[in-house]
Amino acid sequence: MPPTPAERRSAGPGPLVRHCGPLPLLAVSLLAVPASFAVTTWVAGAAGLAAQLLCLPLVVDRWRALPRRLLPGAVGALSVGWSAWLLGEPGQGEPLLAALTAALRLAVLVLPGAVLLAWLDPAEAGDHLAQRLRVPGRLVVAVVAALGLLSALADAWEQLAASRRARGLGPGPGPLSRGRWLASTAFGLLVDAVRRAGRVSTAMDARGAVPGGPPRTWALPAPWRRADAVCLLVGAAVLAVPLVVAA
């Protein structure tokens, strides 16, 4: 039997998180939601974000790819802070501090998922959800299929962009032309995603992923290792920093 994704990941070089399974990665990413609610001041947000940044060497494998993963979250945090600063009411305190708090709250929410979910294998996550958490098989198959399609969007974007350039529909030098090209390519990606979803739905029905279908079996084991417990405890402690500072 070929090595499982967990065995391949653990055998290769990389940070300590490579030894963890998918469940603690998902749990820590979800724990970022209540942690963001605890960011009521900019001090709590700065402390929480600093604690997360200090843990990056434990979870980041390719530092060159990190800016691309963090770019959407950074743009979202800056836009939220900008909006809070523009729309802030004078009677609610210093507008700049309120905008900074809003931006830090979103950063605390987004950063764990952006770095941890890069280690998530869809098929492995399905095995663990079904065997460890007893999630219904139909829902597990749907989640695995959705994660697989999500990971394929980047490849689909590159293929669409290359095909449009080959037909002479590449972006022009000006920002307006680039904006139109991005909008048209994004529309093509949306159409491709809808078609992929239809094909996956038909394939799932053909393979028995329907209500009342046969019971499913799972080929690979889903063990809970010591590294999983350590990851969950460390992640919960880091995400509790805003709550401790705000208390």
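Residues numbered from 1 in each chain as written. Predicted model: local features only at pLDDT ≥ 70, side-chain atom pairs only at ≥ 80, totals over all residues. Heavy atoms only, no water.

Okay, the overall build of the protein chain next. Along the backbone of the protein chain there are 11 helices and 0 strands. Ordering the α and β elements of the protein chain from the N terminus gives α-α-α-α-α-α-α-α-α-α-α. A buried classification covers 31% of the 247 residues belonging to the protein chain. Looking at the protein chain as shown, the accessible area adds up to about 15000 Å², and 68% of this sits on carbon and sulfur atoms. (Helix = DSSP H or I, 4+ residues; strand = E, 2+ residues; numbered from the N terminus. Buried < 20%, exposed > 50% of the residue type's maximum accessible area, 1.4 Å probe, protein only. Areas by Shrake-Rupley, 256 points an atom, 1.4 Å probe, with all protein chains shown as cover.)

For the rest of this paragraph, the subject is helix α3 (residues 42-54). Helix length check: α3 (13 residues) gives 18 Å between terminal C-alpha atoms against 18 Å at 1.5 Å per residue, within 8%. What α3 keeps buried is the set A44, G45, G48, L49, A51 and Q52. With its buried residues spanning 155 degrees around the axis, α3 presents them on a single face. Those residues of α3 that are buried are in contact with α4 (56-59), α6 (95-116), α10 (226-239) and α11 (241-246). (Expected span 1.5 Å × (residues − 1). Arc of directions from axis to C-beta. Contact = heavy atoms within 4.5 Å.)

A word on the packing of helix α2 (residues 22-37) against α6. α6 packs onto α2 with a crossing angle of 175 degrees between their chain directions and a minimal axis gap of 8 Å. Taken together, the axis directions place α2 and α6 in an arrangement best described as roughly antiparallel. Side by side, α2 and α6 meet where L25, V28, S29, A32, V33, A35 and S36 of the first sit next to R105, V108, L109, P112, G113 and L116 of the second. When its residues are assigned to classes, the contact of α2 with α6 shows 9 nonpolar, 3 polar and 1 charged. (Axes fitted to C-alpha atoms, helices over the stretch in contact; angles between N-to-C directions. Parallel < 35°, antiparallel > 145°, perpendicular 65-115°, else oblique. Nonpolar A, V, L, I, M, F, W, Y, C, P; charged D, E, K, R; others polar.)

Residues V17, L25, L49, L56, V59, V115 and L116 are the most contacted members of the largest nonpolar core, which totals 21 residues. Those elements that place two or more of their residues in this core are α2, α4, α6 and α10. Considering every element that reaches this core, the biggest residue donor is α6, with 6 residues. (Core = buried A, V, L, I, M, F, W, Y, C linked by side-chain atoms within 4.5 Å.)

Let's shift gears to the packing of helix α5 (residues 66-87) against α6. Packed helix pairs are specified by the crossing angle of their axes together with the interaxial distance, meaning the distance between the axes. With their axes 8 Å apart at the nearest point, α5 and α6 run at an angle of 155 degrees to one another. When the interaxial angle is binned, α5 and α6 end up roughly antiparallel. The handedness of the crossing between α5 and α6 comes out as right-handed. Side by side, α5 and α6 meet where L66, R69, L70, G73, G76, A77, V80, G81, A84 and W85 of the first sit next to P95, L96, A99, A102, A103, L106, A107, V110, L111, A114 and V115 of the second. Tallied by class, the residues present in the contact of α5 with α6 amount to 17 nonpolar, 3 polar and 1 charged. (Left-handed = near helix turned anticlockwise from the far one by under 90°.)

Okay, the side chain of D228 next. Checked against the element boundaries, D228 lands in helix α10. Despite its burial, D228 pairs with no opposite charge; the closest candidate is R225, at 4.8 Å N-O. Excluding its chain neighbours within four sequence positions, the residues that come into contact with D228 are H19, C20, G21, P24 and P223. (Lys, Arg positive; Asp, Glu negative; His and termini not counted. Salt bridge = Lys/Arg side-chain N within 4 Å of Asp/Glu carboxyl O.)

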